[in-house]
Every structure is written in C-alpha cells, then in structure tokens.
Amino acid sequence: MTRKTGFNDDVADKRLSLLVSFVVVAGGVAVLSALVAAWSAPRPSVMVSAGIICAIAVGSRTQWRVRIRSHTRGISWPEVGVLIGLAVLSPPWLILCTCAAVAMAKLTTGLAPQKALFGVAKDVLAAAVAGLVYSLFPLTPNADHPVLQVGALATAALAMWVVDESLGNPVIALAMRVSLWTSLRTDWDMRVLGTVARYAVATLVVGILSLGGDARLLLLVLPIVVCVHLWQTAQVRNREERQSWQRLAETTDELNVVDLTAVLEAAVTRSAQLFSVDEVDIELSDGESPRLVRGTTEGVVYDGPPADAPGRDGAEITRQLAGHIESNPVGELRLRVNRSISLTPSETYKLKTFASALYTAIRNATAYAELERMSREYAYDAAHDPLTGLANRRELLDQAGRMFTERPDEGMLALLLIDLNHFKEVNDTLGHAAGDEVLREVAVRLQDAARPADLVARLGGDEFAVLLTGLPSPAMARHRADSLLAAFDRTIDVDGMRLTVEACGGIALAPGSGGVTELLRRADVAMYQAKRSGQRTVDYAHSRDTADVGRLMLGGEVRRAVAELEFSVDFQPIVDLGSGEVVAAEALARWHHPEHGDLTPVQFLETIERSGQLPAFADAVLEQSLSAADTWREAGFDIPVAVNVSPRSLLDPDFPKAVRSRLGSHGVPSDRLVLELAETLTISQLEVVERALAELRAAGVRLVLDDFGAGVSPLSVLSRIPLHQLKIGREFVAAVETSDEAAAVIRSTVDLARSLHLTVIADGVESEPQRAALWELGCVAGQGHLFARPMRGRRILAALQRGTGGRPGVLAGALHDAGSVVRLPRRRPPGPHRSSLPHLPA
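For every chain, the first residue of the written sequence is number 1, and numbering continues from 1 onward in sequence order. Given that this is a predicted model, residues contribute local features only at a pLDDT of at least 70 and side-chain atom pairs are listed and counted only at 80 or more, while totals for whole chains, interfaces and linings are drawn from all residues. For side-chain calculations, the full set of non-hydrogen atoms in the structure is used, while hydrogens and water are omitted.

> Just to check I follow, could you spell out the overall build of the chain for this structure?
Helix and strand counts for the chain come out as 29 helices and 23 strands. Burial status across the chain gives 49% buried among its 842 residues. Residue contacts are counted whenever heavy atoms from the two residues lie within 4.5 Å of one another. Contacts in the chain between residues far apart in sequence, at least 24 positions, make up 69% of those at least 6 positions apart. Here a helix means four or more residues in a row that DSSP labels H or I, a strand means two or more in a row labelled E, and each is numbered from the N terminus. Three exposure classes are used, based on accessible area relative to the maximum for each residue type with a 1.4 Å probe and protein chains only: buried under 20%, partly exposed in between, and exposed over 50%.

> What's the story with the nonpolar core in this structure? I'm lost.
Proteins that are soluble and globular tend to have nonpolar side chains buried together. In this structure, Phe 571, Trp 632, Leu 673, Leu 675, Leu 723 and Leu 774 are the most contacted members of the largest nonpolar core, which totals 76 residues. No other element matches helix α20 (residues 614-634), which puts eight residues into this core. With near-sequence residues (within four places) excluded, Leu 723 lies in contact with Leu 677, Arg 697, Leu 703, Val 704, Leu 705, Leu 718 and Leu 758. In this text, buried Ala, Val, Leu, Ile, Met, Phe, Trp, Tyr and Cys residues form a nonpolar core when linked through side-chain atoms within 4.5 Å.

> Please explain the packing of aromatic side chains as it appears in this structure.
Centre-to-centre distance and the angle between the planes together describe a pair of aromatic rings. Two rings belonging to Phe, Tyr or Trp (six-membered ring only in the last case) form a pair when the distance between their centres is within 6.5 Å. Interplanar angles under 30 degrees mark stacking, angles over 60 mark edge-to-face geometry, and anything in between is tilted. Counted under the stated rule, the structure contains three aromatic pairs. An angle of 40° between the planes, with centres 5.0 Å apart, marks the rings of Phe 567 and Trp 591 as tilted. With Phe 567 in strand β15 (residues 567-576) and Trp 591 in strand β16 (residues 582-593), the pair connects residues that are 24 residues apart, well separated along the chain. Like Phe 567, the residue Trp 591 is buried in the burial classification. Cluster of aromatic residues (ring-pair linked, three or more members): Phe 567, Trp 591 and Phe 617.

> Explain the sheet that holds strand β9 (residues 455-460) here, please?
One key point about sheets: their strands pair by backbone hydrogen bonds, in either a parallel or an antiparallel sense. In this description, strands pair whenever DSSP reports at least two bridges between them. Within the open sheet, the five strands sit side by side as β9-β10-β8-β13-β14. Their pairing is mixed. Edge strands, defined here as strands with exactly one partner in the open sheet, are β9 and β14 (537-539). Within the sheet, the average angular offset between the axes of one strand and its neighbour, ignoring direction, is 20°. Relative to strand β13 (residues 502-509), strand β8 (residues 412-421) is paired through eight bridges, and the arrangement is antiparallel. Paired with Asn 421 across the two strands is Glu 502, which belongs to β13. Against the sheet, helix α12 (residues 393-406) touches β8, β9 and β10 (463-471), its axis set at about 135° to β9. Its contacts with the sheet put helix α16 (residues 515-533) on β8, β9, β10, β13 and β14, and the angle it makes with β13 is roughly 140°. Angles run from 0 to 180 degrees between N-to-C directions of axes, and those axes are lines fitted to C-alpha atoms, restricted for helices to the stretch in contact.

> Please explain the pairing of β9 as it appears in this structure.
Residues in a regular strand point their side chains to alternate faces of the sheet. Across the six residues of β9, six count as buried, placing the element largely inside the fold. Connecting β9 to the antiparallel partner β10 that follows it, the hairpin turn spans two residues, and Gly 461 within it adopts a positive phi of roughly 60°.

> Any chance you could explain the environment of Trp 775 here in plain terms?
In this structure, Trp 775 sits in helix α28 (residues 768-777). In this structure the C-alpha to C-alpha distance between Trp 775 and Asp 576, which are 199 residues apart in sequence, comes to 9.5 Å.

> So what exactly am I meant to see when it comes to α12 here?
Structurally, the α-helix is built with 3.6 residues per turn, so residues lying three or four positions apart point the same way. For a helix, the expected span equals 1.5 Å multiplied by the number of residues minus one. With 14 residues, α12 extends 20 Å from end C-alpha to end C-alpha; this agrees with the ideal 20 Å at 1.5 Å per step. When we look at burial in α12, the residues that qualify are Glu 395, Leu 396, Ala 400, Gly 401 and Phe 404. Against α11 (345-383), β8, β9, β10 and α16 lie the buried residues of α12. Under this definition, polar contacts are N or O atom pairs within 3.5 Å; protein pairs additionally need one hydrogen-donor-capable and one acceptor-capable atom, and for neighbouring residues in sequence, both atoms have to be side-chain atoms. Where α12 begins, the side chain of Asn 392 points an oxygen toward the backbone nitrogen of Arg 394, at a separation of 3.3 Å.

> Even after reading the chapter, I still don't get the sheet that holds strand β7 (residues 331-337), so can you show me in this structure?
The sheet built from five strands is open, its strands ordered β5-β4-β3-β7-β6 with antiparallel pairing. The open sheet terminates on both sides in strands that have one partner only, identified here as β5 (299-304) and β6 (315-321). The sheet shows a mean angle of 15° between the axes of neighbouring strands, direction not considered. Pairing of strand β3 (residues 279-284) with strand β4 (residues 291-296) involves five bridges; the strand directions are antiparallel. Bridge pairing in β4 places Val 280 opposite Gly 295. Strands β3, β4 and β5 of the sheet are contacted by helix α10 (residues 260-274), whose axis makes an angle of about 40° with β4.

> Would you take a moment to explain the pattern of salt bridges for this structure?
Once their charged atoms are close, side chains differing in charge can pair, the charge on each being opposite to the other. Think of a salt bridge as a Lys or Arg side-chain nitrogen and an Asp or Glu carboxyl oxygen that are within 4 Å of each other. Counted under the stated rule, the structure contains 38 salt bridges. For Arg 730, the salt bridge is made with Asp 763, and the minimal N-O distance between the two is 3.5 Å. Of the two residues, Arg 730 sits in helix α26 (residues 730-734) while Asp 763 sits in strand β22 (residues 759-763), which places them 33 residues apart along the sequence. If you follow the salt bridges from partner to partner, you end up with Glu 279, Asp 281, Glu 283, Arg 294, Glu 316, Glu 332, Arg 334 and Arg 336 in one network.

> Even after reading the chapter, I still don't get the environment of Thr 500, so can you show me in this structure?
Tracing the chain through its elements places Thr 500 in the loop between β12 (497-499) and β13. For Thr 500, a relative accessible area of 58% translates into the label exposed. Between the C-alpha atom of Thr 500 and that of Asp 489, which follows or precedes it by 11 residues, the distance is 7.5 Å.

Written as structure tokens, this is what we have:
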C-alpha cells in the first residue's frame, strides 16, 4: 500500500531552484551596481578594506551548526564585520568587501557551488540593505574618525536580520521538506540572541574606534567574540540534546500500544523526526509474511511486501531490531538521507536505544496479536460445530437470548428444529465418514437456503435448528420452514452413491414468556409430533403439547415436586439366575403426586426432560439410590445399585462431576454404581455423549445398555460405548419359551456379550421356565416379578436379611445342586454379602 505525503518533491525542488536563482541574480545585480558606484565613491585604504574583509570572512567561518536531515543549518558572524564596515566604508565598497570575504569563506568550506553562490548572494543582499538603511542617517563613513551612531547601527542590524531570515528560511524549508513555520521557530530565540550579540560586539568595536582609543583594545574583542560564540553553541547543543532525549521518551511511549500497525506507523514517523532524516524504513522479516513500512515525518508512504516497495536512492544508516540479550532479530530499521552523514556518539546511542524499544514493542504487539488470534479461534470453536462449521447449541441459545432481550421491532421470531430421518442407517451401512459427509452437505444446503439474518445451527447428532427472524406473520414461519426443508429434495452424492435425505421439522414462535428455553422446548415438541405423524413440518400448538391432558398438567408442577421431594425411589432386585442370590438392585423412580397418585417414569419423564428440571430430578434419584446402597452395605449387603439415566442428562457437561460428588459424599465405591442407558436415544446421541460416558467409566462407574435388541444397535457402535453389561428387553424374555426367534436373539446376544467381555441381564423374568430357559441360553442374571416386585429400600434390606432357605441375600432357590452349578461372580472383600454382577468368561 503506497500513500502520498503532504509534500510533492518535484514541486518543492522546482520552487527551491527558482528561489535560489532569484537570490543569486539579485545578489549579482547588487555586486554589479556596487562596482559601478565604486568608481565615483571614495576609495578606502588597502589596510581598512583588508581588515573589513578579514572580519567578515572570519565571521562567516565561525558557525554553530544544527543537522536537519541531510542538511546542516549554520549560524555565522558575518554581520559583525558588515556593521563595522558601515562606519568606515562607503556602501558600494562594503558590498564588494562583503562579496569577496563571504566568497573566500564559502569556497574554503567545500560547499556545493549552488549553496556557495546562494550564501554569497544572501550576505551581499543583506549588506546592501544594511548599507542602504545606514545611508538614510546623516552619517558619513570615515576610516580615520568613525562615528558611533547606536540607532543607525541597530536599524542596520535589524535590516540585515530581516533580510537573512526572509531569504534563508524559505530555502531551508524547501530543501529540508519542512514547513516555513517549522524553519522559523527552530532555535528562533538563539538566532535573535545571536543577532543582538553580534550587534553589541560591532557597537563595541565602533565605539573604541570612534573614541580614538588604543587600537590594541581591539584585541580584547576577539576573546569576547569567542566566548559568546562558544556559549551560544553550547546552549544550542544542550537544548538539542534535551529535546532529542525528550522526543526519544515520547516516541517510546507512543510505541507502548498493542496494535502492530500502530507501532510501526508511530515508529517511522517519530524516528524520522527524532533522528532528523528524510525517510525511515522498518522491514519485518520474522514471520511468514515479510512486511515493509516506510514513512517520513509527514506520515506513512508505503506499507506492504518488501519486494513491491519502490526503490530509493540515498545514504542509509541501518540497525538490526533485536533485544539487548542475544535473540533473533525481528527485522531491520533503516534511516535514509539524500547524502552521506555521520551520527554523533549521542545519536548512535539513541538509535540503539530506540531500536531496542522498537524491538520490544514489536514483540509485544506480535504476542498480543497472537493471543487475540487464539482468543478468536477459541471463541469461534466454542460457538461453532467442528464438523459443519455451523453455530452450535450454545451459540444458538446465546443469540436467541439476545434477540429476546433486545426485542427488535423488525418482525416475529421463530425456531425451526430439524431432525434427519433414518440418518442412523447411513452411519450403519456406509460408515461414519459417509455420515459426516452427509451432515456437512446438509449444513451447506441449509446455510444456502436460509436468509442472511437467520441463524443455522447444529445441535448435535442429526439435529439442526434455524432461528428465523424478521417474520411479518406467523404463517411466514411455515413458508420459510418448507423452503428450508425443500433443500433436501435433491439427492446427495457420497462415495459415488446418490442418497436421499428426508427430514422433519418442528416450528415454534417465540413465546410471550419462558424465553429461549421454552422456545426450544416447543420446537422440540413440534418436531417429535412431526416425526411420529410422518409429516414434514408441524407447528407447535398448546393442545398437542403432550400425549395426554394429565401430562400437560404435570408440566407446571415439576419444579414444586422437586422442591418438596415428591419423587421417591423403589428398587427391584437383580438375581443370579443359577443360585438365586441378589447381585444388584435397579432403582425405579416414582412421583407421589398429591392428586394423581403414584406416577411411573413413563408418565412423567418426558415432562421433566422438557421442563428444565432434569438435573435436579436426576440428582434426587441418585441421592436416594446411593443412600439406600450405603444402608445395605452397612448392614452387610454390599450390592451395586443400578440407576436409569436419561440421554439428556448425558448432554449436561456437569453430569459426570455430579455423579462423582454424590459417590464421594456417601462413601460408596464407584463400581457399586451402575448407570443404565436407553438404547435408541443413547445411540442417536452418541457423538455428544461419548465423552461423558468415557469420563464416567474412567471414574469406575459401570454402564449398562438397557433394552438391548429393542432398537437397532450396530456392532461398531457397541464397540465405541464403554459398556459393562447388556440388558435384554422383556419382550424377548416373555417369548423365550415359545419363540425360536426370541431364543435365537438371546443366544446371539449372549455370544456377542462374551466376545465383548460383557455381562447379560434379562429383564422381565416372570416364571421358573423362563428362568431355566435363560440360564440354558447362557444368561446368568435377571430381574422380574418371579424374584421380587419393586419395593422401598428398607423392604429390600429386610428381604435380604430374611433370605430364602436360611440363606441371607438369596431370593430364590438354586436351579441345580451346588455341585453342578458353574458361576463366575466377581467378589470383593470385605463383607460376607458383597456382590457384583457376574461376568461371563471371555
């Protein structure tokens, strides 16, 4: 990126040449006029002329200099000789002497011809104006008896100063590419003080001569001049040094920002001023993309790749950008001037200090930029689904929450919840890689079909959501939803196969109360209604919010029920089919409703899941289950307790931590807790709950897949879930005696479990023939009314203590004599009745 500065170099050069030419021509005219006038003017003695020429020449050579960029500004003393000459020489001869003296002084300094001619012409014009002003007073120059007229000398000195400033400052400003005002105010007080000093010296000399004093007194003038000159030079240098260090401090302060571009722009502009150079380059080579920033005191002129930067002529002073301690430099600082210069030791040290400060600022800005980049990445990852790049559940809830709070007047708000039909079959048949490809394509199509103001999100698994904004009427929500779902009409190509993806959606308008949670719940209700009814989209309706009116009534009472502890837990023993010994107990939650009586989970679990009270409910059930297990263990019966877990609990990242906390508070070993997982929902939510399951198993908690065989559970999925047991559904157990197919399913399940080192439990054992048949098929544990109905924890303890046939902990007689029973239970001391679910041999 190239930027224009405030100065056009070509225009400035033309103006400078024109001004210098004008001054030189004017000076030449003044000299020619003086030559003509000198023929008729009194001719001074050679000694007087030589003395004036020497005084002017020495004054011109005596200078204090200030470097500005590649130019040096010098303040000399020729005025002393000129002012003395006014009293002893006629104006024409004074002009000629001034021309000769200044020419000798300039030629001996090695200046360029253009600068030398300008200097001679300027001083000649100053002398001519001074002579003209002095001649206005009734005074006649006389070398033998000079007359001291303080007013005349003061006026002439002022005229010379005005001419010198008027001609010198514009040229300096154009040559140094600074404003005229900058040139005028640079050390203006020192220049004025110098003019006063030179006038005082000239007045002193003329006074001595006019009084006819001893000429040797003039020798005292020289040390006075030297002292004044040295004092003035020291003052200027001290001031420049103080200002330079002050500018260095201000510059380093400006570098204390965290934006790299701001650091570099401040560095190039301030360093150009700090080191009084024409241009500054900062080239960064540390990183994948080299960068060059170039600028002057006026601003940045280029920012981009070094290879694309325009070439530059002139001398360069370079400095590596590195720290005080050995470290890899991040780049290079280059100071550029039009001609070669040398930095003073003080400037060299300041350059080193500035380069070190710039290195630190660049490092800090780069580190901050990296932290900002990482922060943006983390924020993006936290708000987006890694597979599809869509917004995730958290981002959807956050944005919807902001829209609820702000309540824009740009239309209605609705949520479309989308679930893909039969997506599990894609994973089972083609594998998860193909399933992921389908999900990505679905995301792309939804994103393309949605309006820019809408938010498309993936909630997990094959569930998507679209937050519809700016709806003019409720009917438009249905129209927009149909348009979005129409994106699935086209087939999706995956690995050379064309797949048809079907989906159903639930639409909910933003409620008047309840916020985002209620909006999501309503969309979820509508989506499941669409799924059950086979419709493509269903609008949420209060009348269809639940399967029955009773459940609708329960929705508003869940919070009170949790707070008033209306939920209790019954337990059903799990028995070793061979020995009849109790090896575990399953916790079954009950709601003791004051009006509807005892309700089973089938009647209220879905209501709790949609109410937002699931964490509190799950914690209450877990608390009562572990409390009962602790009581049994203290009584000598150390048996595990199995607790059913809703898949929605596994979506809660805090659930594993809550389980560990409850285990710790009761002192129950983690392997005494078994969590039962519903097969179908758990499998469909596998991608989301896999981490929670792994964390629970790592803590020692045992996991059971409930109702195995009732759904569709591929072997690849079983290998991914960290299970310990499988529980066969009661429909297979009920038909084990009469159906060869049911027996074959159970036998296959047992064989599969053996290969995966899992235990098989039968649910719903109602008779001894079923028990025997299950035992013969290899199932070693079961539960059902044959052994015991669900009962309270204290009744379980009483039954265990009572036992059967004088054997505590046993609820049924053994199938075979002791000598013929083969059992492989895992027992763990201490305690005479410590039980564990038996493990099948590998």
